[in-house]
Amino acid sequence: MHRGGFFTFFLIIAAITLLFDWYVFSGLKTFTKDWKSGKARQIVLWGYLFISVGVTILFVSGFGSFSHSRGMTPYHEYMLSLFVTFFITKMVFSIVLSLGDLGRFFYGVGNSIAKQGTKTNVPYFPSRRKFISELAILLAAFPFTGFIYAMVRGKYDYKVHRETIYFDELPEAFDGFTITQISDIHSGSFDNTAAVQRGIDLANAQKSDLFVFTGDLVNNAAWEIEQYIPNFKQLKAPYGQYSILGNHDYGDYIQWNNDAEKAANLDKLKQHHKDLGYHLLLDESVELEKDGQKISLIGVQNWGRGFIQVGDLDKALKGVDENAFKILLSHDPTHWEDKVRFNTTNIDLTLAGHTHGAQFGVEVAGFRWSPVQYRYLDWAGLAHHNKRYLYVNRGFGFLAFSGRLGIWPEVTVITLKRKVA
């Protein structure tokens, strides 16, 4: 979509939200109509309009200055997030209020029919009950407070997820071997270096044998990670730090002056992986040795259904012992679904990311839901097929929506165990 198309789209969305504002304003008038203090009533009514309309204006004006050569900045993400917060809150309020008004309408129609032919000064349609406005405020408060928490605290509320996976073919020397995985850093979205450092410290505190990063170091451009290199280079493990590229690392979502500039950006990003102390695997493999026994660690470039597909698994597997225990780093879980789980070469464990778990959902007492599940079969956590395992990390960072709610940023710790016969 070109710049003019984006701006037109945002204007349509803004018009819709202004209609919501008008309807919410009418509901607030009902809510405050019996207040004794007229001044307090005016503060609530006009204060609401000032804040809500102000957010809409900031949103539209912010994206009016959006640069396709830079992409979304933290400011744009924050404005989008505030707008979404108010939009959903107003939508919930309006739905509740409209149900009450719909009841008034049907009551009025029935009243009109029943009183047809009679003269009365009693209005057919009853006035809106204050209780409906109170209920609308109560229910709308849930998404509002939830999204505000997501933006202020949730996006840096790092959680450790642990999985112990048992394998028949795991070499004895690697029984109990641990891997810390993070994914989807999206450094271009960060706005709190101290909070990011807490997540890095949490990952380092796991003291795993191996550290892996499974793609999307940046949103669009190599410079986004530069101010955070001193932080992320602190991630160390005895058996090394390994990484791959994700779909955002190729710079496909912003405009470049020419192909050479785009290629130079990718080369610079690859250099930054070295600066971080990460061994970037580009359709290749390495052997990890412990007590004379080995496992193969394989890394491919991005391959995703509906996204860039440059990863070459066959190339990455060249020279790998067919009987070796294999761990694959592949950013997009659809690669596992389409290419890995049915591959003639057995790959024991694949580590992926990409989905972020939509940064929104519910994970409580074994129940999991996120809107991303309607796009991805495997969107978070552990999956398996015929002794082949996939783990999908929920992401360390965030993108577009500057927050996380219910699906918190993740540090994964996987322990490899040998099955006892």
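Note that the structure is a prediction, hence the values are computed from the model and not measured.

**Here's the deal with the nonpolar core**
One recurring pattern in soluble globular proteins: nonpolar side chains tend to sit buried together.
So, point 1. Counting residues in each nonpolar core, the largest one holds 30 residues, and the members touching the most others are Ile 182, Phe 190, Phe 232 and Phe 396.
So, point 2. Every element with two or more residues in this core is listed here: α5 (193-204), β3 (210-213), α6 (229-232) and α7 (259-275).
So, point 3. Ranked by residue count, the leading element in this core is α5, at four residues.
So, point 4. Listed in part, the 25 residues of the second largest apolar core include Phe 167, Phe 177, Ile 295 and Leu 351.

**With respect to unusual backbone geometry**
So, point 1. Even without glycine at this site, Asp 283 takes up a positive phi of about 55°.
So, point 2. Mapped onto the fold, Asp 283 is located in the loop between β5 (279-280) and β6 (284-290).
So, point 3. Classification of Asp 283 by relative accessible area gives buried; the value is 5%.
So, point 4. A positive phi is found at Lys 387, a non-glycine position, where the angle reads about 70°.
So, point 5. Looking at the secondary structure, you find Lys 387 in the loop between β12 (381-385) and β13 (388-392).
So, point 6. Accessibility expressed as a relative area gives 55% for Lys 387, which makes it exposed.

**Quick word on the pattern of salt bridges**
So, point 1. Following the criterion strictly, the structure yields 15 salt bridges and no others.
So, point 2. A salt bridge links Asp 168 to Lys 387, with the nearest nitrogen and oxygen atoms 3.2 Å apart. With Asp 168 in the loop between β1 (159-167) and β2 (177-182) and Lys 387 in the loop between β12 and β13, this pair connects stretches of sequence that are 219 residues apart.
So, point 3. For Asp 168, a relative accessible area of 34% puts it in the partly exposed group.
So, point 4. Among the salt bridges present, the one from Arg 305 reaches Asp 338, with a minimum N-O distance of 2.8 Å. Taken as a pair, Arg 305 in the loop between β7 (293-299) and α8 (313-317) and Asp 338 in helix α9 (residues 333-340) lie far apart in primary sequence, 33 residues in all.
So, point 5. We classify Arg 305 as partly exposed; its relative accessible area is 32%.
So, point 6. Looking at Asp 338, the relative accessible area reads 37%, which means it is partly exposed.

**Points about the environment of Tyr 250**
So, point 1. Position of Tyr 250 among the secondary structure elements: in the loop between β4 (241-243) and α7.
So, point 2. Remark: the alpha-carbon pair of Tyr 250 and Glu 363, spanning 113 residues in sequence, is separated by 32 Å.
So, point 3. Contact partners of Tyr 250, with chain neighbours within four places excluded, come to Leu 245, Lys 262, Leu 266, Gln 301, Asn 302, Ile 308 and Val 310.
So, point 4. Within the structure, the side chain of Tyr 250 is placed 3.1 Å from the backbone nitrogen of Asn 302, a separation counted as a polar contact.

**Regarding the sheet that holds β4**
So, point 1. Ordered in space as β1-β14-β2-β3-β4-β5, the six strands form an open sheet in which the pairing is mixed. Each of the sheet's edge strands pairs with one partner strand only, and the pair in question is β1 and β5.
So, point 2. As paired strands, β3 and β4 are joined by three bridges and run parallel to one another. Considered in β4, the bridge of Val 212 is made with Tyr 242.

The rules behind the values
- Note on numbering: residues in each chain are counted from 1, in written sequence order.
- Reporting of local features is limited, given that this is a predicted model, to residues whose pLDDT is at least 70; pairs of side-chain atoms are given and counted only at 80 or more, and all residues count toward the totals for whole chains, interfaces and linings.
- Note that the side-chain values use all heavy atoms of the structure and ignore hydrogens as well as water.
- Here, nonpolar core means buried Ala, Val, Leu, Ile, Met, Phe, Trp, Tyr and Cys residues that are tied together by side-chain atoms lying within 4.5 Å of each other.
- Partly exposed describes any residue whose relative accessible area lies between the buried limit of under 20% and the exposed limit of over 50%, with all areas from a 1.4 Å probe on protein chains only and scaled to the type maximum.
- Helix numbering and strand numbering both begin at the N terminus, where a helix is a DSSP run of H or I of at least 4 residues and a strand a DSSP run of E of at least 2.
- Each reported salt bridge corresponds to a side-chain nitrogen of Lys or Arg within 4 Å of a carboxyl oxygen of Asp or Glu.
- Contacts are assigned to residue pairs with any non-hydrogen atoms lying within 4.5 Å of each other.
- The term polar contact refers here to a pair of N or O atoms within 3.5 Å; inside protein, the definition further demands a hydrogen-donor-capable atom paired with an acceptor-capable atom, and it admits residues adjacent in sequence only when both atoms are side-chain atoms.
- Two strands are counted as paired when DSSP detects at least two bridges linking them.

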